[in-house]
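Structural overview for review
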Amino acid sequence: MTQKKDMIAMLLAGGQGSRLYVLTKEVAKPAVSFGGKYKIIDFPLSNCVNSGIDTVGVLTQYRPLELNSYIGNGQPWDLDRLNGGVYILPPYQTDKGSEWYKGTANAIYQNINFIDRYDPENVLILSGDHIYKMDYAKMLAYHKENNSDATIAVLNVSMEEASRFGIMNCNEDHTIYEFEEKPKHPKSTLASMGIYIFNWKKLRAALIADEADPTSSNDFGKNIIPMMLGNGDKLMAWEFDGYWKDVGTISSLWDANMDLLNPESGLQLDSGDWKIYSRSEAHPPHYIDEHAEIAESIVTEGCEIDGKLWYSVLFSNVTVEEGAELNSAVVMSNTVIKKGASVKYAIIAEDVIIEEGAIVGDDPCNYPDASEWGIAVVGRGAIIKKGQVVRPKEMIEPDANR
Amino acid sequence: MISKTMCVLFSDSFVAVNNELAAERTLATVPFASRYRLIDFVLSSLVKSGVNNIGILTKEHYGSLVDHLGAGKDWDLDRRNGGLKILTPFAKADSAATRSRSKIDALLSCRAYLEDCNEEYVILSDTNIVMNIDFAEMVRYHISKDADITVAYQKRSDAVYNGLVLDEDRDGRIVDAYYAAGQMSDCQNQGLKVYVFNKELLMSLLERAYTYGWTDFERDFITRNINKLRVCGYEHTGYCAVINTVGDLYKASMEMLTPAIRKEVFESQTPILTRVKNSAPTLYGFESKAKNSLIADGCVIDGTIENCVIFRGVRIEKGAVLKNCVIGQNSVIHSDAKLDCVITDKDVEIQADHVLSGYPTYPYVISKGQVV
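A few points about the overall build of chain A
- Scanning chain A from N- to C-terminus turns up nine helices and 31 strands.
- Its C-alpha atoms give chain A a radius of gyration of 22 Å, near enough to 21 Å, the size a compact globule of 402 residues would have.
- Accessible surface computed for chain A: about 16,500 Å², of which carbon and sulfur atoms make up 47%.
- Distance between charge centroids for chain A: 5 Å, based on 37 positive and 58 negative side chains.

See the structure below:
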């Protein structure tokens, strides 16, 4: 018999993240590497554990292999529990047929049975593509204090940015009276962060009603929230003021990595009171050789550095040979950058080989026309041959041989 | 054959003399190479070789050992069958103090554990050895030689050595085994305190030991029986450092900076497993300079380091210059401090502008938690 839970979390991790292009060709967005030794999903998972949530359902759909094997039994996040823990929830077949998850709301609808097992008072809905540290327990306390049917975490953004987000229009007491998806003329600057706490009974009823509506696109923002507002339910906005970044695009993913190097960005990995956990193998310490020069960079286990690094983020087991130069580069695990190669303003995925003298990406200063410049990306397992050039904005497919 | 092999490890030297390294922890848990403890090397080699039933004999203040090993998860030793077992001293209030326990006493105290296991062979090994050895091959050698006991050794000429010197005949059988006191210059076969025993034989030797009051493992188990039993030598030709003193620790730490040695120890067939701690990656500041150094995760480096081994969570502030140093976990070196040939334990703090210097053969050692 499972024990009743105060709140469980459901983590939406099924998205492809198509705007990450070659980085999500083979893995789902939440499984994309970040910050030297993490994957994006480590942030919501660690937030859950640090907030005292011990039951998390992870909804997968797109390319789940890497995500499944990464999460495993949940041990790195202390989520291997007797009662609760982490569960991978893919779409499944029933006697009535089988369906993919049609939208975020439908994904939760298809797992009503899972949530019912824990008979929770509230359900926390999270997405697997944001970098932030948040205490969901504080949000839950606010939710309970206000006797709210749904509480939505919001971020105060600038007026210019507001039209890129789902905007919550609120009364003075933070009750929400209207939700607008990407409004042209925003009335408020409180942007939804895609983090919701719902009273489970209310959400359960709303999901069933939504499923019965064939015209619905089964989405939380587009359908569930407006429906609940229409029903007269009490929806509250809870304002978050820490670091938060949607890393859904190449440039935002690169930015978020660079934010780690800036002490003023508000994103700090090493603060002892809110650790981010990850599954990591035990690699030897990193080694800095005779010719290395390193400034404003992050280096992690297993790396061997003999080249020059400026403003770069290196993942485990990266080799940078003598004379190679990295500037504002994000280089993922097991990649080798050979003698004299240059990698600037670029994201290099795992297991890549950049051969001698190859050039990947360039400094934006050399491009007076900003539209010609962008982050260069090399997909997993690709080889950039001796002396080859990968221009800014260019994307090299996984396993390409160039 | 390896499936029929179990292992008992000694977490300490089990000699009466206090060891300078093991004042606050077991020899097995002396920190080494930025993120490891000494026991990780032998333990990882055992796991890779397929030995899954491992008991660890403890003597005193083994809290750090229990803390480090936990249930053995990080070594894949949290098993329903076999796995890792910490064998704690079993002493009644009026019995002799645990301090005087010898290896033989320790083994006698775990006789019931040994009897309960069905394995045919037992590996007995110290844990203060930095090496990457293939135990499966050693057990195969033991069986192929039809040996009763196999002793691992290395040809070395260490100036100070406190183990057995082994004389071998052409067939690989040990014909003499003796303690060689004093300084040695010649290359000799020095035993590594790593053995393979037929388990039945070990049990009967333990009964004799109890009967006759034997106390010295090397003298009484090996030398005393050299003519009655078939004792064979197994040469380990790879890198090996036995850590008994601060000098040994410093020398081996500096050897880890040599690419060939590091590759052999860390990148050969056996990955060295250790407790995973989830530190953030290391951050290098604008004015940092690093050269020929090993650095763990979780550090913030703003100063200069050269020929150093830096553990987790160390902070080196602007203008600090460290050469030939080993800096323990969570230590802080404040701005403009100058350190040369210094070893610090965990949680040490060196105040700004301080200058400390040791000598390569006699490093300056700062113990746990000190503020200089």
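Things to note about the sheet that holds strand 16 (residues 286–288) of chain A
- Strand order in the open sheet made by the eleven strands is 29(A)-26(A)-24(A)-22(A)-19(A)-16(A)-16(B)-19(B)-22(B)-25(B)-28(B), with mixed pairing throughout. The two strands at the open ends of the sheet, each matched to only one other strand, are strand 29 (383–384) of chain A together with strand 28 (364–366) of chain B.
- Note that strand 22 (residues 319–320) of chain A and strand 24 (residues 336–337) of chain A share two bridges and pair parallel. In the sheet register, Thr 319 of chain A faces strand 24 of chain A, and the bridge partner there is Val 336 of chain A.

A closer look at the domain arrangement of chain B
Residues and elements named next belong to chain B.
- In terms of domains, chain B is made up of domain 1 (2–266) and domain 2 (283–366).
- In this structure, domain 1 and domain 2 have C-alpha centres spaced 33 Å apart.
- On the domain 2 side, the residues contacting the 15 residues of domain 1 number 22 residues.
- Note on domain 1 versus domain 2: buried area summed over both sides is about 1,400 Å², and carbon and sulfur give 65% of it.
- When residues of domain 1 are sorted by the area they lose upon contact with domain 2, Ser 34, Tyr 250 and Leu 257 head the list and together hold 48% of the total.
- Taking the shortest distance from any N to any O, the salt bridge between Asp 345 and Arg 25 comes out at 3.1 Å.
- Viewed at the interface, domain 2 and domain 1 are joined by four residue pairs in polar contact (both at pLDDT 80 or more).
- Where the side of domain 1 that touches domain 2 is concerned, the elements lending two or more residues are strand 2 (31–32), strand 3 (36–37) and helix 8 (246–255).
- The leading source of residues in the side of domain 1 that touches domain 2 is helix 8, at four residues.
- When the residues that make up the side of domain 1 that touches domain 2 are grouped by side-chain class, the tally is nine nonpolar, two polar and four charged.

Some remarks on the interface of chain A and chain B
- Contact residues are listed per partner, giving 37 residues for chain A and 35 residues for chain B.
- Taking both sides of the interface into account, the surface hidden between chain A and chain B amounts to around 2,700 Å²; carbon and sulfur atoms contribute 50%.
- Broken down residue by residue, the surface that chain A buries against chain B is led by Ala 282, Pro 285 and Tyr 287 of chain A, which jointly contribute 22%.
- Our count for the contact surface shared by chain A and chain B stands at five salt bridges.
- At the junction of chain A and chain B, the tally comes to 22 residue pairs in polar contact (both at pLDDT 80 or more).

Remarks on the packing of aromatic side chains
- All told, the structure shown has 26 aromatic pairs over all chains when counted by the stated rule.
- Between Tyr 70 of chain A and Trp 77 of chain A, the aromatic rings sit 5.4 Å apart at their centres with planes inclined by 65°, giving edge-to-face as the arrangement. One exposure class covers both Tyr 70 of chain A and Trp 77 of chain A, and it is buried.
- Joined through ring pairs, the aromatic side chains of Phe 10, Tyr 195, Phe 197, Tyr 212, Trp 214, Phe 217 and Phe 221 of chain B make up one cluster.
- In this structure, Arg 35 of chain B is placed above the aromatic ring of Tyr 36 of chain B, and the distance from its NZ or CZ to the ring centre is 6.0 Å.
- Looking at Arg 111 of chain B, its charged tip hangs above the ring of Tyr 210 of chain B, at a distance of 5.8 Å from the centre.

Quick look at the confidence of the model for chain B
- Here chain B averages 90 in pLDDT, while 94% of its residues score no lower than 70.
- Taken together, the chains of this predicted complex give a pTM of 0.91 and an interface ipTM of 0.90.

Points about empty space enclosed by the protein
Residue and element names in this part refer to chain B.
- Scanning the entire structure with this criterion turns up three cavities of 30 Å³ or more.
- Considered as a void within the structure, the largest cavity measures approximately 150 Å³ in volume.
- Surrounding the largest cavity, 13 residues form its lining, Arg 35, Arg 37, Lys 277, Arg 312 and Gln 329 being those nearest its centre.
- Tallied by class, residues from the lining of the largest cavity come to three nonpolar, four polar and six charged.
- Three or more residues apiece are contributed to the lining of the largest cavity by two domains, here domain 1 (2–266) and domain 2 (283–366).
- Its volume calculated, the second largest cavity comes out at about 80 Å³.

Some points on helix 8 (residues 220–230) of chain A
All names here are of chain A.
- Three or more residues of helix 8 are buried, namely Phe 220, Gly 221, Asn 223, Ile 224, Ile 225, Met 228 and Leu 229.
- By the N-cap criterion, in which a side-chain oxygen at the helix start approaches the backbone nitrogen of a residue two or three places on, helix 8 is capped by Asp 219, the distance to Gly 221 being 3.0 Å.
- Of the residues trailing helix 8, Gly 232 is marked for its positive phi of about 80°.

Remarks on the sheet that holds strand 24 (residues 338–340) of chain B
All names here are of chain B.
- Strands sit in the order 15-18-21-24-27 across an open sheet of five strands; the sheet is parallel. Looking at strand neighbours, the two that pair on one side only are strand 15 (289–291) and strand 27 (355–357), the edges of this open sheet. Strand-to-strand, the axes of this sheet are offset by a mean angle of 5°, without reference to chain direction.
- Alignment of strand 21 (residues 321–323) against strand 24, held across three bridges, turns out to be parallel.

Examining the environment of Tyr 284 of chain B
- Here Tyr 284 of chain B lies in strand 14 (residues 282–284).
- Residue classification places Tyr 284 of chain B among the buried residues on the basis of a relative accessible area of 1%.
- The residues touching Tyr 284 of chain B, leaving out its near neighbours within four places in the chain, are His 286, Ile 288, Ile 294, Ala 295, Glu 296, Ser 297 and Val 299 of chain A together with Ala 290, Ile 295 and Ile 301 of chain B.
- One polar contact links Tyr 284 of chain B to His 286 of chain A, side chain to side chain, over a distance of 2.7 Å.

About the cut-offs
- Residues numbered from 1 in each chain as written.
- Chains lettered and ligands numbered in written order.
- Predicted model: local features only at pLDDT ≥ 70, side-chain atom pairs only at ≥ 80, totals over all residues.
- Heavy atoms only, no water.
- Helix = DSSP H or I, 4+ residues; strand = E, 2+ residues; numbered from the N terminus.
- Rg over C-alpha atoms; globule rule 2.2 N^0.38 Å.
- Areas by Shrake-Rupley, 256 points an atom, 1.4 Å probe, with all protein chains shown as cover.
- Lys, Arg positive; Asp, Glu negative; His and termini not counted.
- Charge placed at Lys NZ, Arg CZ, Asp CG, Glu CD.
- Pairing = 2+ DSSP bridges.
- Domains from an automatic or database assignment.
- Contact = heavy atoms within 4.5 Å.
- Buried area = accessible area lost by both parts, 1.4 Å probe.
- Salt bridge = Lys/Arg side-chain N within 4 Å of Asp/Glu carboxyl O.
- Polar contact = N/O pair within 3.5 Å; in protein donor to acceptor, adjacent residues only side chain to side chain.
- Nonpolar A, V, L, I, M, F, W, Y, C, P; charged D, E, K, R; others polar.
- Phe/Tyr/Trp six-rings, centres within 6.5 Å; stacked < 30°, edge-to-face > 60°.
- Buried < 20%, exposed > 50% of the residue type's maximum accessible area, 1.4 Å probe, protein only.
- Lys NZ or Arg CZ within 6 Å of the ring centre and 35° of its normal.
- pLDDT = per-residue confidence, 0-100.
- 1 Å grid on protein atoms, 1.4 Å probe; cavity = no way out; pocket = protein on both sides within 12 Å on 5 of 7 lines; lining within 4 Å.
- Points joined across faces, edges and corners; volume = space filled by probe spheres on them.
- Axes fitted to C-alpha atoms, helices over the stretch in contact; angles between N-to-C directions.

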